[in-house]
Amino acid sequence: MFFLLFEFPMIDPVAITMGPLSIRWYALAYIAGIIIGWQYVLYLIKSYSIVFETKLLDSLLFYVTYGVILGGRIGYVLLYNLNYYYSNPEEIFMVWRGGMSFHGGVLGVVLAIILFARKAKISIFIIGDLVASATPIGLFFGRIANFINGELFGRVAPDLPWAMIFPIAGDIPRHPSQIYEAILEGIVLFILVRGVKIRKQNPGMTMASFFIGYGFVRTICEFFRAPDVQLGFVVSNMTMGQLLSLPMILIGGIVMCCVSRKDHLDCN
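Residues numbered from 1 in each chain as written. Predicted model: local features only at pLDDT ≥ 70, side-chain atom pairs only at ≥ 80, totals over all residues. Heavy atoms only, no water.

Enquirer: Looking at this structure, how should I read the side chain of His103?
Expert: Note on placement: His103 falls in helix 4 (residues 102-120). Not counting chain neighbours up to four residues away, the residues in contact with His103 comprise Tyr80, Tyr214, Arg218, Gly241, Leu244, Ser245 and Met248. (Helix = DSSP H or I, 4+ residues; strand = E, 2+ residues; numbered from the N terminus. Contact = heavy atoms within 4.5 Å.)

Below, the structure is given as structure tokens:
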């Protein structure tokens, strides 16, 4: 068998330097995800003739951005590295050093959507469908940034034809799991969610599909991704990522059943 053993390309995590100001790829990934996702939501609003003022969309972007950042950081601190940050509380706010939890970000965004929906008097599920449709875009860029940083690398795979050596993980060939996640959580999930038509009446199916889809693809990706060093396997051979994905699948299933049931009752 022919093997291709790749050494990780040493890409400077700092993308742009302007005097004392340094902009990292990680920050650019967030910015790209937010801007492109925002434009995609605008496209969806026009395509499905959803009544939504542009001013309200700007406010939604503000709410969701804060939900992602605060939820993602708090989630990482509490769920992934509590002991470290308990001993080093001054580093909790050093987001530029990395350390964000997607599941924490989801909770932050859900809370942001609830607050925004109450203020704007718009259905939580309509907003949830719009945000869920755009989320895979941000996930794609985020995983690419993880790859550039050489973090969240895969499990040992010495016989894998496309195995890669990550400098911070030693000289052992590993799965390029960040690329797997960029493809599955970004591209595949985007196509899946895109295939579920957003409905102005009885909304929520797109959001439910995203929850279920993400839960499954994240669970699959975790089989190739090395467990977090500070946590290891949490329950049996399950990682924290897999454990946190189970409630997403369950909640998505409940929402989908409720929406489907409502459709059925409306048809009768």
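Enquirer: Explanation requested: helix 6 (residues 177-194) in the structure shown.
Expert: For the α-helix, the turn length of 3.6 residues means that residues three or four positions removed from each other point alike. Between its first and last C-alpha, helix 6 extends 24 Å over 18 residues, near the 26 Å set by a 1.5 Å rise per residue. At Val188, helix 6 shows its maximal kink, close to 30 degrees. Inspection of helix 6 places Ser177, Gln178, Tyr180, Glu181, Ala182, Glu185, Gly186, Leu189 and Val193 among the buried residues, and these make up the whole buried set. The inward-facing, buried residues of helix 6 contact helix 5 (124-149) and helix 7 (205-222). (Expected span 1.5 Å × (residues − 1). Bend = angle between axes of the 7 residues up to and from the residue. Buried < 20%, exposed > 50% of the residue type's maximum accessible area, 1.4 Å probe, protein only.)

Enquirer: Would you explain the packing of aromatic side chains in this entry?
Expert: Working definition: an aromatic ring pair is given by the centre-to-centre distance plus the angle between the planes. Evaluated as defined, the whole model comprises 17 aromatic pairs. When the ring of Phe210 is compared with that of Phe211, the centres are 6.2 Å apart and the planes differ by 80 degrees; the resulting orientation is edge-to-face. Judged on exposure class, the residue Phe210 and its partner Phe211 are both buried. Every member of this aromatic cluster is reached through a ring pair, and the members are Phe62, Tyr63, Tyr66 and Phe116. (Phe/Tyr/Trp six-rings, centres within 6.5 Å; stacked < 30°, edge-to-face > 60°.)

Enquirer: What's the story with helix 1 (residues 25-47) in this structure? I'm lost.
Expert: For helix 1, spanning 23 residues, the distance from its first C-alpha to its last is 32 Å, which sits close to the expected 33 Å at 1.5 Å a residue. When helix 1 is considered as a whole, its buried residues turn out to be Tyr26, Ala29, Gly33, Gly37, Tyr40, Val41, Leu42, Leu44 and Ile45. Following helix 1 by one or two positions, Ser49 adopts a phi angle in the positive range, close to 50 degrees.

Enquirer: Help me understand the nonpolar core in this model?
Expert: Proteins that are soluble and globular tend to have nonpolar side chains buried together. Ile50, Phe52, Leu60, Ile127 and Leu130 are the most contacted members of the largest nonpolar core, which totals 24 residues. Counting residues per element, the ones that place at least two in this core are helix 1, helix 2 (54-79), helix 4 and helix 5. Considering every element that reaches this core, the biggest residue donor is helix 5, with 6 residues. Setting aside residues up to four positions removed in sequence, Ile127 forms contacts with Phe52, Leu60, Ile113, Phe116, Ala117 and Ile122. (Core = buried A, V, L, I, M, F, W, Y, C linked by side-chain atoms within 4.5 Å.)

Enquirer: Any chance you could explain the pairing of strand 2 (residues 14-18) here in plain terms?
Expert: When a strand is regular, its side chains alternate between the sheet's two faces. Across 4 bridges, strand 2 lies against strand 3 (residues 21-24) in antiparallel orientation. Each bridged residue has a counterpart across the sheet, and for Thr17 the counterpart in strand 3 is Ser22. Between strand 2 and strand 3, which pair antiparallel and follow one another directly, the connecting turn spans 2 residues, one of which, Gly19, has a positive phi of 65 degrees. (Pairing = 2+ DSSP bridges.)

Enquirer: Explain unusual backbone geometry to me, please; I cannot follow it from the model alone.
Expert: The phi torsion of most residues other than glycine is negative, and most of the peptide bonds are trans. Its identity as a non-glycine residue notwithstanding, Leu152 has a phi of 55 degrees, on the positive side. Examined against the element boundaries, Leu152 turns out to sit in the loop between helix 5 and strand 4 (164-165). Unusually for a residue other than glycine, Ser236 sits at a positive phi of about 55 degrees. Within the fold, Ser236 resides in the loop between helix 7 and helix 8 (240-267). Taking relative accessible area as the criterion, Ser236 reaches 66% and is therefore assigned exposed.

Enquirer: In this structure, what is going on with the pattern of salt bridges? I would like to understand it.
Expert: Opposite charge on two side chains lets them pair, provided their charged atoms get close. Within the structure shown, the criterion is met by 5 salt bridges. The closest approach of N and O atoms between Arg225 and Glu222, which form a salt bridge, is 3.6 Å. One exposure class covers both Arg225 and Glu222, and it is buried. Among the ionic contacts, a cluster of salt bridges with common partners joins Arg143, Glu181, Glu185, Arg218, Glu222 and Arg225. (Salt bridge = Lys/Arg side-chain N within 4 Å of Asp/Glu carboxyl O.)

Enquirer: Which parts of the structure should I look at to understand the side chain of Ser245?
Expert: With respect to the helices and strands, Ser245 occurs in helix 8. Accessibility expressed as a relative area gives 0% for Ser245, which makes it buried. Contacts of Ser245, omitting those with residues within four sequence positions, involve His103, Gly215, Arg218 and Thr219.

Enquirer: In this structure, what is going on with the packing of helix 4 against helix 5? I would like to understand it.
Expert: Each pair of packed helices can be summarised by the angle the axes make with each other and by the distance between the axes. For the pair helix 4 and helix 5, interaxial distance at closest approach is 10 Å and the crossing angle is 145 degrees. Handedness of the crossing formed by helix 4 with helix 5: right-handed. Seen from helix 4, the contacting residues are Phe102, Val109, Ile113, Ile114, Phe116 and Ala117; seen from helix 5, they are Ile124, Ile127, Gly128, Val131, Thr135 and Leu139. (Axes fitted to C-alpha atoms, helices over the stretch in contact; angles between N-to-C directions. Left-handed = near helix turned anticlockwise from the far one by under 90°.)

Enquirer: Looking at this structure, how should I read empty space enclosed by the protein?
Expert: In this approach a probe as big as a water molecule rolls over the atoms, and the regions it shows empty are the leftover space. Counted by the stated rule, this structure contains 1 cavity of 30 Å³ or more. Computed from the structure, the largest cavity encloses a volume of approximately 30 Å³. A breakdown of the residues in the lining of the largest cavity according to their chemical character gives 6 nonpolar, 1 polar and 1 charged. (1 Å grid on protein atoms, 1.4 Å probe; cavity = no way out; pocket = protein on both sides within 12 Å on 5 of 7 lines; lining within 4 Å. Points joined across faces, edges and corners; volume = space filled by probe spheres on them. Nonpolar A, V, L, I, M, F, W, Y, C, P; charged D, E, K, R; others polar.)

Fair warning: the whole summary comes from geometry, so function is off the table for now.
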